[in-house]
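Here's the letter readout for the chains.
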Amino acid sequence: DGGITQSPKYLFRKEGQNVTLSCEQNLNHDAMYWYRQDPGQGLRLIYYSQIVNDFQKGDIAEGYSVSREKKESFPLTVTSAQKNPTAFYLCASRTGATNEKLFFGSGTQLSVL
Amino acid sequence: RKEVEQDPGPFNVPEGATVAFNCTYSNSASQSFFWYRQDCRKEPKLLMSVYSSGNEDGRFTAQLNRASQYISLLIRDSKLSDSATYLCVVNGAGNNRKLIWGLGTSLAVNP
């Protein structure tokens, strides 16, 4: 079945630790996105990539990093510089820049120990 | 004024009721509009796109009012399974056409 797979579902981070969230899609979509959702808040864009080997900062990129070495994969690293990382992280993809319908993975809940 | 605004609710309605949500947007140049549904601790899922002429999908009807800059979602004959948060999404203007997400409206359908 085609879709977007995020892993892990739950992740715990220790102080000063970097952690990486995985996002893989087999939909052959060009564009991929990372969003963060906090309780009672809307989705906020962290990073996005419209093509392999290219990515752009979103509204809240500080403390995060990404790579897009393959079309299928768009991992997000939450670095120790991100002081408030506890949130629900959502990865999404869409076919192209002119098609705004997003398909989401099931999300990763990140918590700080 | 926020770029996309929704009444957070919660809306508590009995089964079978009709309920409507509005969502206002600030950028008159916006071209695309969507309603997504999100269940607790789950990913958002596209419910329907909103077209200028309005569109209907079963019990759900979406409409766009460009003059007043709002979109609406009407749910008829509410089911228990309709309980969720409904997110309004508007595309931004400019070259990157960034999607702007509302905070969502919470709906609880009660037996």
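The preceding data block contains the structure.
Parameters and conventions
Residues numbered from 1 in each chain as written. Chains lettered and ligands numbered in written order. Predicted model: local features only at pLDDT ≥ 70, side-chain atom pairs only at ≥ 80, totals over all residues. Heavy atoms only, no water. Helix = DSSP H or I, 4+ residues; strand = E, 2+ residues; numbered from the N terminus. Rg over C-alpha atoms; globule rule 2.2 N^0.38 Å. Contact = heavy atoms within 4.5 Å. Areas by Shrake-Rupley, 256 points an atom, 1.4 Å probe, with all protein chains shown as cover. Lys, Arg positive; Asp, Glu negative; His and termini not counted. Charge placed at Lys NZ, Arg CZ, Asp CG, Glu CD. Buried < 20%, exposed > 50% of the residue type's maximum accessible area, 1.4 Å probe, protein only. Pairing = 2+ DSSP bridges.

Asker: Lay out the overall build of chain B in plain terms, naming residues and giving numbers.
Answerer: A count of helical and extended segments in chain B gives 0 helices and 11 strands. Counted from the first residue to the last, chain B has its helices and strands arranged as β-β-β-β-β-β-β-β-β-β-β. In terms of overall size, chain B behaves like a compact globule, its C-alpha atoms giving a radius of gyration of 14 Å where 111 residues would be expected to give roughly 13 Å. When its C-alpha atoms are laid out on the principal axes, chain B stretches across 45 × 30 × 25 Å. A separation of at least 24 residues holds for 56% of the contacts in chain B among residues at least 6 apart in sequence. Put simply, chain B shows about 5,500 Å² of open surface, and 47% of that area lies on carbon and sulfur atoms. One way to put it: in chain B the 12 positive side-chain charges average out to a point 6 Å from where the 10 negative ones average out.

Asker: Let's hear about the pairing of strand 4 (residues 31-37) of chain A: which residues, and what values?
Answerer: Residue and element names in this part refer to chain A. With 7 of 7 residues buried, strand 4 is to be regarded as a mostly interior element. Neither face of strand 4 is open: one carries Ala 31, Tyr 33, Tyr 35 and Gln 37, the other Met 32, Trp 34 and Arg 36, and all of them are buried. As judged from the 7 bridges shared by strand 4 and strand 9 (residues 87-94), these two strands associate in the antiparallel manner. Bridge pairing in strand 9 links Gln 37 to Phe 88. As defined by bridge partners, strand 4 adjoins strand 5 (residues 44-51) across 5 bridges and the pair is classed as antiparallel. By the bridge assignment for strand 5, Tyr 33 is matched with Tyr 48. Linking two consecutive strands that pair antiparallel, namely strand 4 and strand 5, is a turn of 6 residues; a positive phi of about 75° is found at Gly 40 within it.

Such coordinate-based values are descriptive only and should not be taken to indicate function.
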